[in-house]
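If you want the building blocks of each chain, they are given just below.
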Amino acid sequence: MDFNLTEEHLMIQQAARDFAQNELLPGVIERDEKQIFPTEQVKKMGELGFMGMMVDPKYGGSGLDAISYVIAMEEISKVDASASVVMSVNNSLVCWGLQEYGTEEQKQKYLPGLASGQIHGAFCLSEPEAGSDATSQKTTAIDMGDHYLVNGTKNWITNGNTASVYLVIAQTHPELKHKGINALIMTKDMPGFSIGPKEQKMGIRGSDTHSLMFSDVKVPKENRIGEDGFGFKFAMKTLAGGRIGIASQALGIASGAYELALKYSKERKAFGTEICNHQAIAFKLADMAVNIEAARHLCMKAAWDKDQHKNYDVSGAMAKLFASQVAMDTAVEAVQIHGGNGYVKEYHVERLMRDAKITQIYEGTSEIQKIVISRAVIAG
């Protein structure tokens, strides 16, 4: 067992840290306030190899391990969770899903653009009546012989308007329930594909979240991922890896809030001394440090399980459950340490607090993570 990062990991950490500080930090408050998608920053993430980190180099990816991905996600999320969720969805859900389960033709067609950041993707599972209960898909993909005819609505889709490639989960055989669900590759230029207005969100306001509507969209059979009826399994397998990405995002939000709080506590004076010297503040910082370190180990363990080709359903769920709670708790306490300054935008911590909440909701709520974990521990 070795807890040291490799030279390559340290280089990735530094590159991600430099990018976050130099490219993401300027303008981050304005992007949040005005809901501006970080278009140029996402392009630069692609140029640096952050949009296809685990994609095989033969498809234009960086060919790195999941631990590298956790490291980069943490650094970028310290500064801008709206940018890091674009990175997470593209890496964990879209690129990984295509590379792991797509045909060679699908990989050749879509992965080079996605991995390079020239285009990015979206993962379309949630619906108005199918959030945590992902088996209740109302979007239909009727088999018409050489194509599917898709009808329905998808909700809360990250990269909803800016994506070029959409992995859409839809029901083909309702009588088979979840075993009748398929995963289809769709593009926004397909007739009948329309995009709803941008959601007005509490946090991750720079990210591009929309509803999608499908009206008799013809999707060629060759755009199906896997065998007929593989869609639900595809979604669950892909989300298991996505949870490592969101756990890392939560870790980064927590780390970013903690670093800002620690710095402020060494500068702000009250009762004749820096506030970090008051036990009330010092103990908050101690709790933050312990919880963040524990969350980081859970994220790294889940990533290690994935790299070792072990089952990471439970370790990923544990990482997401714990790291998202740490993000929320740490951000709230960071605002408290800042006092009145924490409530205004220029000190950044109020944004991190708003951003933290979504990590307990998307890619499986905390309650769903507890179902995954409890079933595993009871089954032994």
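Per chain, the residues get numbers from 1 upward, laid out in the order the sequence is written. It should be noted that, the model being predicted, local features are given only for residues of pLDDT at least 70 and side-chain atom pairs only at 80 or more, the latter also being counted only at that level, while totals for whole chains, interfaces and linings use all residues. Computation of side-chain values covers all heavy atoms of the structure but excludes hydrogens and water.

Visitor: What should I look at first to understand the overall build of the protein chain in this one?
Guide: Counting its regular elements, the protein chain contains eleven helices and ten strands. In terms of C-alpha radius of gyration, the protein chain reaches 21 Å, essentially the compact-globule figure of 21 Å for 380 residues. For the protein chain, the C-alpha atoms occupy an extent of roughly 80 × 45 × 40 Å along the three principal directions. Exposed residues in this analysis have more than 50% of their type's maximum accessible area, buried residues have under 20%, and partly exposed residues fall in between, with area computed by a 1.4 Å probe over protein chains only. Per-residue burial for the protein chain yields a buried fraction of 55% across its 380 residues. If you take every contact in the protein chain between residues at least 6 apart in sequence, the share linking residues at least 24 apart comes to 73%. Strands are runs of DSSP state E lasting at least two residues, helices are runs of H or I lasting at least four, and both sets are numbered from the N terminus onward. Radius of gyration: over C-alpha atoms. The globule rule applied is 2.2 Å multiplied by the number of residues raised to the 0.38 power. Contact between two residues is taken to exist if any of their heavy atoms lie within 4.5 Å; hydrogens are not considered.

Visitor: Would you explain helix α3 (residues 39-47) in this entry?
Guide: Given 3.6 residues per turn, any residue in an α-helix points the same way as the ones three and four places further on. Among all positions of α3, only Q41, V42, M45 and G46 are buried. Looking straight down α3, one finds its buried side chains confined to an arc of 150°; they lie on one side. Two residues or fewer past α3, G49 is found with a positive phi of approximately 90°. Here the arc refers to the directions that run from the helix axis out to each C-beta atom.

Visitor: Looking at this structure, I do not really get the environment of L111. What am I missing?
Guide: In this fold, L111 is placed in helix α6 (residues 104-116). Classification of L111 by relative accessible area gives buried; the value is 0%. Between the alpha carbons of L111 and V94 there is a distance of 9.0 Å; along the sequence they are 17 residues apart. Ignoring anything within four residues of it in the chain, the contact list for L111 reads V55, Y59, C95, L98, Q99 and Q106.

Visitor: Explain the packing of helix α4 (residues 66-77) against helix α8 (residues 279-307) here, please?
Guide: In helix packing, the relevant descriptors are the interaxial angle and the interaxial distance, both defined with respect to the helix axes. Every angle, taken between N-to-C directions, lies between 0 and 180 degrees, and every axis is a line fitted to C-alpha atoms, over only the stretch in contact when it is a helix. At a minimum axis distance of 8 Å, the contact between α4 and α8 shows a crossing angle of 150°. Residues A66, I67, V70, I71 and E74 of α4 pack against R296, C299, M300, A303, W304, K306 and D307 of α8. Tallied by class, the residues present in the contact of α4 with α8 amount to eight nonpolar, no polar and four charged. Throughout, the ten residues Ala, Val, Leu, Ile, Met, Phe, Trp, Tyr, Cys and Pro are labelled nonpolar, Asp, Glu, Lys and Arg are labelled charged, and all others, Gly among them, are labelled polar.

Visitor: How do you make sense of unusual backbone geometry when you look at a structure like this?
Guide: Across the chain, the bulk of peptide bonds are trans and the bulk of non-glycine residues have phi less than zero. Positive phi values are uncommon outside glycine, yet W156 reaches one of about 55°. Note on placement: W156 falls in strand β3 (residues 147-158). Owing to a relative accessible area of 54%, W156 belongs among the exposed residues under this scheme. Look at E363: it is not a glycine, yet its phi comes out positive at around 55°. Following the sequence through the fold, E363 ends up in the loop between α10 (349-358) and α11 (366-379). Using a relative accessible area of 12% as the deciding quantity, one classes E363 as buried.

Visitor: Help me understand the nonpolar core in this model?
Guide: A general tendency of soluble globular proteins is for nonpolar side chains to be buried together. If you look at the biggest cluster of nonpolar residues, it comprises 90 residues, and the most contacted ones within it are M45, F50, M87, L98 and L167. Sequence-distant contacts of L98, defined by excluding residues within four places in its chain, comprise K107, Y110, L111, L114, L167, I185 and I225. Grouping buried Ala, Val, Leu, Ile, Met, Phe, Trp, Tyr and Cys residues that are joined through side-chain atoms within 4.5 Å yields what is termed a nonpolar core. C124, V150, L212 and V219 belong to the second largest nonpolar core, which has 18 residues in total.

Visitor: Quick question: what am I supposed to make of the UniProt feature "domain: Acyl-CoA dehydrogenase/oxidase N-terminal" (unreviewed entry) in the protein chain here?
Guide: According to UniProt, the feature "domain: Acyl-CoA dehydrogenase/oxidase N-terminal" (unreviewed entry) maps to residues 6-118 in the numbering used here. Structurally, residues 6-118 is divided into 71% helix and 0% strand, and its ends, taken at the C-alpha atoms, are 29 Å apart. UniProt positions are given in the numbering used here, feature names are shortened, and annotations may be inferred rather than shown by experiment.

Visitor: Is there a simple way to explain the pairing of strand β2 (residues 140-143) in this structure?
Guide: A regular strand places its side chains on the two faces of the sheet in alternate fashion. Strands were regarded as paired on the criterion that DSSP finds at least two bridges between them. Where β2 and β3 come together, four bridges link them in antiparallel fashion. Following the sheet pairing, D143 is matched in β3 by Y148.

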